[in-house]
Every structure is written in C-alpha cells, then in structure tokens.
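Residue strings, one per chain:
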Amino acid sequence: MTATQDLTALYAEVQHFHARQMQLMDRRDFEAFAATFTEDGEFSHTPGQLARTRAGIVAELREFHRRFDDDPVVRRHWFDMLVVDPQQDGSLRATFYALVVDTRPGAGSRLGPSCLVTDVLVRVDGALLNRSRQVRQDRLLLAP
Amino acid sequence: MTATQDLTALYAEVQHFHARQMQLMDRRDFEAFAATFTEDGEFSHTPGQLARTRAGIVAELREFHRRFDDDPVVRRHWFDMLVVDPQQDGSLRATFYALVVDTRPGAGSRLGPSCLVTDVLVRVDGALLNRSRQVRQDRLLLAP
Amino acid sequence: MTATQDLTALYAEVQHFHARQMQLMDRRDFEAFAATFTEDGEFSHTPGQLARTRAGIVAELREFHRRFDDDPVVRRHWFDMLVVDPQQDGSLRATFYALVVDTRPGAGSRLGPSCLVTDVLVRVDGALLNRSRQVRQDRLLLAP
C-alpha cells in the first residue's frame with residue numbers, strides 16, 4: 001500500500017475506534033470506556049480537571065455522572081471533522097469536533113456544548129488506545 | 001489485505017452505502033430507498049411497526065410521509081458513531097446514531113428525535129443491502 | 001486493489017480532505033482554506049454569489065465574516081452523508097449535507113441552516129483540491 005492508502009485505512013480505523021469507544025461511554029459502561037485508554041492514559045474534559053490511569057478515569061466519570069442521578073437523560077456523543085496526523089514517535093494525533101445530543105423525558109433532543117477534542121492515540125498489541133484526550137468547549141474560546 | 005485492512009475498507013463502504021441510501025430517502029425516492037433492502041427486507045422505525053418486502057417498505061414510507069402533505073419540510077437524516085461487526089453467517093451488524101434535521105418555511109433548522117439504529121447488511125451480487133433495519137428512539141429508553 | 005477497494009480508500013480520503021479544509025475555515029485561516037481550491041476554483045455559498053480564484057475566495061470570506069466583527073461566535077462546520085461519484089473526466093463529484101454549529105457568549109450551541117453541498121474535486125500533484133463548491137440552503141427548496 002502507498003502512504004496515502006495507509007493513511008486512509010488508518011482514518012477509517014480511528015473513526016471505528018471512536019464509534020465503539022463512545023457507544024460504551026453513552027451506555028455508561030465506564031470500565032469498558034476506560035479500557036480504550038492506555039493504563040497510564042490521561043483524560044481531561046474540563047480545563048483544570050485531569051483524570052489519570054484507567055481507574056482514575058472510571059472514578060472521574062462516575063463522579064461526573066452523579067449529576068444525572070435525579071435527571072434522567074440519554075446522552076449521545078457525536079464526532080465529526082476528524083483530522084489524523086501521524087507523529088514522529090509513531091503515535092497519532094487526532095483532532096475533531098464533538099457534540100452531545102441529550103434526550104430527556106417529555107422534551108425533544110437538544111444539543112450540548114460544541115467542543116474541539118485532541119486525542120493522542122497509540123497502538124498496543126495491534127489495537128488503538130488513547131494515551132490522552134483533551135476536550136475544550138468552544139465557549140471557552142470566547143472572551144468573557 | 002489483513003483482516004484489519006479488510007474491516008476498514010468495509011467500514012468506509014458501509015458509510016458510503018448509508019449516505020447514498022439516506023439521500024434517496026430524504027429526496028423521497030422511496031422506490032430507490034426500498035431497493036437498498038433485500039427483496040424480503042424488514043424495516044421498523046417505531047416499536048410495534050414492521051414493514052416487510054420492498055413493496056411493503058414503499059407503502060409504509062408513503063403512509064408515513066402523508067403527515068407532511070400540509071407541512072412543507074426538508075428532512076435530512078444524519079448518522080454518526082457507526083460500529084460494524086461482521087457476523088458468523090457472513091452478514092454485517094451495523095449499530096449507529098441517527099438524527100433528523102428538519103427545515104420548515106420561516107424557521108431555522110431543528111433536530112428531530114435522537115435514535116439508535118441497528119442494521120443487518122448482506123452482500124448481494126457484490127453490493128450491500130439491508131436485510132433489516134431497526135430504529136429505536138432514545139426517548140423510549142427513559143422510564144415514563 | 002479492486003475498484004471497490006479503490007473507492008473506499010478514496011472515500012476516507014475525501015472525508016479527511018473535508019475535515020482539514022473545514023478546520024481551516026472554522027479557525028478563519030481563509031488563505032489556507034482557499035489553498036484547498038484550484039487556482040481557478042469556484043465557491044458559491046449563496047444563490048447568485050460566486051467567488052472565483054483563490055484570491056477571490058479569500059476576499060469573499062473576509063467580506064462574509066465582517067458580520068461577525070461585533071458578534072463574537074465560534075463556528076463549526078459539520079458534514080455528513082457524503083456520496084462520492086467518480087466522473088468520466090477523472091474528477092470526483094461529492095455530494096453531502098452540511099450544518100454550522102454556532103457558539104456565542106452566554107448561549108448554548110445552536111444549529112445554523114441545513115445545506116446540501118456539491119463539490120467537484122480534482123487531484124493536483126497527488127492531492128485533492130476543490131475545482132468548485134456549491135452550497136444550497138435547504139430553506140430555498142421550500143416554496144415561498
């Protein structure tokens with residue numbers, strides 16, 4: 001395969017990886033979601049917050065989702081405009097847009113905050129894993 | 001090609017199949033949409049409703065769209081977070097998120113219900129076809 | 001590779017091209033965005049408006065974005081349902097859905113107009129470029 005063909009195969013692989021990963025998140029299988037990160041993986045969804053290690057990511061997600069204990073909601077993460085840049089060290093940098101679509105009882109679906117996400121992905125035993133993910137809400141790009 | 005390369009090629013093929021299929025639906029070419037199903041294909045967009053065969057799918061879609069006879073609207077189906085799982089029998093199971101974006105006169109675009117969709121796809125004469133599609137609205141996952 | 005494998009590799013390549021291109025647009029790097037068009041490229045985002053050449057596209061985008069001088073907003077273009085049709089002359093015709101997701105201070109994210117976009121893409125020195133892009137808002141499909 002040429003380099004371009006390699007990259008396009010990789011591109012679909014990253015999309016597929018994200019789809020499996022976020023379906024796990026949205027069904028709140030936090031252990032399985034955390035297992036899509038390396039053992040020492042890092043996940044930041046808010047400036048100033050950083051979860052480290054799979055156990056740390058599970059703990060953070062449990063804590064985060066407590067806000068929904070009395071607020072029944074189905075959440076669906078959508079990603080788009082994925083850019084994949086292979087790095088010198090063999091990792092992949094993935095940059096993409098993200099939105100959450102929320103459904104609550106008696107209400108239509110609603111958009112959550114628009115975000116820009118940066119992943120560093122590595123291949124471990126043949127499979128992609130997140131070494132890190134940083135999520136930045138677009139509203140934080142606007143002057144206060 | 002390796003199995004991973006095969007699956008990534010397949011992944012883009014399913015995305016492309018869905019895009020062609022849903023552009024047909026959104027321009028209300030129901031015969032062409034139904035032709036993306038097998039002759040005995042099954043399509044359920046609502047619990048308790050099930051259209052069978054291409055002719056049955058066309059009839060169901062005509063009936064469903066009557067609600068728009070006095071309600072001019074452009075509808076666009078969006079899919080995301082596609083997971084493709086090859087099955088033992090050679091079929092493919094595709095699971096993904098779906099939203100409809102509606103545009104009505106004098107109004108901005110609006111989101112319709114958020115859904116989880118499960119397809120069973122088979123290859124007939126080299127081309128993918130739906131053997132079945134089941135659409136489940138997220139609101140039905142919430143307790144009443 | 002078979003023709004189907006070629007097309008699926010191409011499919012991911014077009015998605016990737018669009019993602020890089022629109023991330024440039026959304027960070028308002030209009031020169032870099034215009035460089036994703038051929039030197040004589042054509043870009044129409046509104047009926048009756050047509051920008052020609054890279055310099056013309058940059059000028060049009062600067063003019064268009066003046067409306068945001070006193071209206072701080074982060075804009076994100078989302079594309080979906082991409083269909084890619086190779087043409088006899090070696091170009092590619094890409095047809096897809098587009099939405100803008102806007103974020104303004106103190107407001108949640110909001111959907112802009114739903115659009116159908118038609119690209120003609122050509123390969124120059126190995127890379128895809130837009131020879132043309134035509135954007136049509138769905139509301140214009142509705143009778144006045």
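In this convention, every chain numbers its residues from 1, walking through the sequence in written order. Chains and ligands are labelled by the order in which they are written, letters from A for the one and numbers from 1 for the other. Two thresholds apply to this predicted model, a pLDDT of at least 70 for residue-level local features and 80 or more for giving and counting side-chain atom pairs, whereas whole-chain, interface and lining totals are computed over all residues. To obtain the side-chain values, all non-hydrogen atoms of the structure were used and water was disregarded.

Peer 1: Would you take a moment to explain the interface of chain B and chain A for this structure?
Peer 2: It is common to give the size of an interface as the accessible area lost on bringing the parts into contact. With 29 residues of chain B in contact, the opposing surface of chain A contributes 27 residues. For salt bridges, the criterion is a side-chain nitrogen of Lys or Arg within 4 Å of an Asp or Glu carboxyl oxygen. If you look at where chain B meets chain A, you find two salt bridges. Put simply, B:Asp85 and A:Arg20 hold a salt bridge, and the shortest N to O gap is 3.0 Å. Any pair of nitrogen or oxygen atoms within 3.5 Å is treated as a polar contact; in protein, a donor-acceptor pairing is required on top of that, and neighbouring residues in sequence qualify only through side-chain atoms on both sides. Linking chain B to chain A there are ten residue pairs in polar contact (both at pLDDT 80 or more). Strands here mean DSSP runs of E at least two residues long; helices mean DSSP runs of H or I at least four residues long; both are numbered from the N terminus. Secondary-structure elements contributing two or more residues to the side of chain B that touches chain A are α1 (3-26), β3 (74-86) and β4 (92-103) of chain B. Whether two residues are in contact is decided by their heavy atoms: any pair within 4.5 Å suffices.

Peer 1: What is the right way to read the packing of aromatic side chains from this model?
Peer 2: The description of an aromatic ring pair uses the distance of the two centres, along with the angle that the planes make with each other. When the centres of two rings from Phe, Tyr and Trp lie within 6.5 Å, Trp using its six-membered ring, the rings pair. Their planes under 30 degrees apart give stacked, over 60 give edge-to-face, and anything left gives tilted. A complete count under the given rule lists 15 aromatic pairs over all chains for this structure. Between C:Phe33 and C:Phe37, the ring centres sit 5.5 Å apart and the planes meet at 55°, which makes this aromatic pair tilted. According to the relative accessible area criterion, C:Phe33 is buried, its value standing at 0%. We call a residue buried when its accessible area falls under 20% of the maximum for its residue type, exposed when it is over 50%, and partly exposed in between, using a 1.4 Å probe and counting protein chains only. Here C:Phe37 falls in the buried class, since its relative accessible area comes to 0%. Here, a charge over a ring is recorded when the distance from Lys NZ or Arg CZ to the ring centre is within 6 Å and its angle to the ring normal is within 35 degrees. It is A:Arg67 that lies over the ring of A:Phe64; its NZ or CZ is 3.9 Å from the centre.

Peer 1: I keep staring at the interface of chain A and chain C and nothing clicks. Help me out?
Peer 2: Every contact between the two is made by 29 residues of chain A and, on the other side, 27 residues of chain C. Carbon and sulfur atoms make up 64% of the area that chain A and chain C hide from each other, which totals about 2300 Å². Put simply, buried area is how much 1.4 Å-probe accessible surface two parts lose in total, over both of them, once they are put together. Summed over the three residues of chain A that lose the most area to chain C, namely A:Met81, A:Tyr97 and A:Leu142, the buried surface amounts to 29% of that side. Inspection of the region where chain A meets chain C yields two salt bridges. Note that A:Asp138 and C:Arg76 form a salt bridge whose closest N and O atoms lie 2.8 Å from each other.

Peer 1: Is there a simple way to think about the relation of the copies chain B and chain A in this case?
Peer 2: What connects the two chain copies is a rotation about an axis and a shift along it. A least-squares fit on C-alpha atoms brings the copies together, and the residues used are those whose pLDDT is at least 70 in both copies. Aligned on chain A, chain B shows an RMSD of 0.0 Å; the corresponding rotation is 120° and the shift along the axis is 0.0 Å. Taken together, the rotation and translation describe the operation of a three-fold axis.

Peer 1: I keep staring at the nonpolar core and nothing clicks. Help me out?
Peer 2: Soluble globular proteins tend to bury their nonpolar side chains together. Buried residues of nine kinds, namely Ala, Val, Leu, Ile, Met, Phe, Trp, Tyr and Cys, make up a nonpolar core once their side-chain atoms join them within 4.5 Å. In this structure, A:Phe33, B:Phe33 and C:Phe33 are the most contacted members of the largest nonpolar core, which totals 112 residues. Every residue in contact with B:Phe33, bar those within four places of it in the chain, is listed here: B:Gln21, B:Met22, B:Leu24, B:Met25, B:Phe43, B:Ile57, B:Leu61 and B:Arg133.

Peer 1: It is not clear to me how empty space enclosed by the protein should be interpreted in this structure. Could you clarify?
Peer 2: Over the atoms, a rolled probe matching the size of one water molecule traces out where space is still vacant. Using protein atoms alone on a 1 Å grid, points that fit a 1.4 Å probe yet trap it form a cavity, whereas open point sets bounded by protein on both sides within 12 Å along at least five of seven lines form a pocket; residues with an atom within 4 Å of a point count as lining. Grid points are joined across faces, edges and corners, and a volume is the space filled by probe spheres set on the points. Going through the model one piece at a time under the given rule, you end up with four cavities of 30 Å³ or more. Considered as a void within the structure, the largest cavity measures approximately 520 Å³ in volume. Lining the largest cavity are 30 residues, with A:Gln15, A:Asp80, B:Gln15, B:Asp80 and C:Gln15 positioned closest to its centre. Those elements that provide at least two residues to the lining of the largest cavity are α1 (3-26) and β3 (74-86) of chain A, α1 and β3 of chain B together with α1 (3-26) and β3 (74-86) of chain C. Basically, the charged four are Asp, Glu, Lys and Arg, the nonpolar ten are Ala, Val, Leu, Ile, Met, Phe, Trp, Tyr, Cys and Pro, and anything else, Gly included, counts as polar. Considered class by class, the residues forming the lining of the largest cavity number 21 nonpolar, six polar and three charged. The volume enclosed by the second largest cavity comes to roughly 130 Å³. A:Trp78, A:Leu99, A:Val101, A:Leu111, B:Trp78, B:Leu99, B:Val101, B:Leu111, C:Trp78, C:Leu99, C:Val101 and C:Leu111 together form the lining of the second largest cavity. When residues of the lining of the second largest cavity are traced back to their parent elements, those giving at least two are β4 (92-103) of chain A, β4 of chain B together with β4 (92-103) of chain C. Here the residues of the lining of the second largest cavity are counted per class, giving twelve nonpolar, no polar and no charged.

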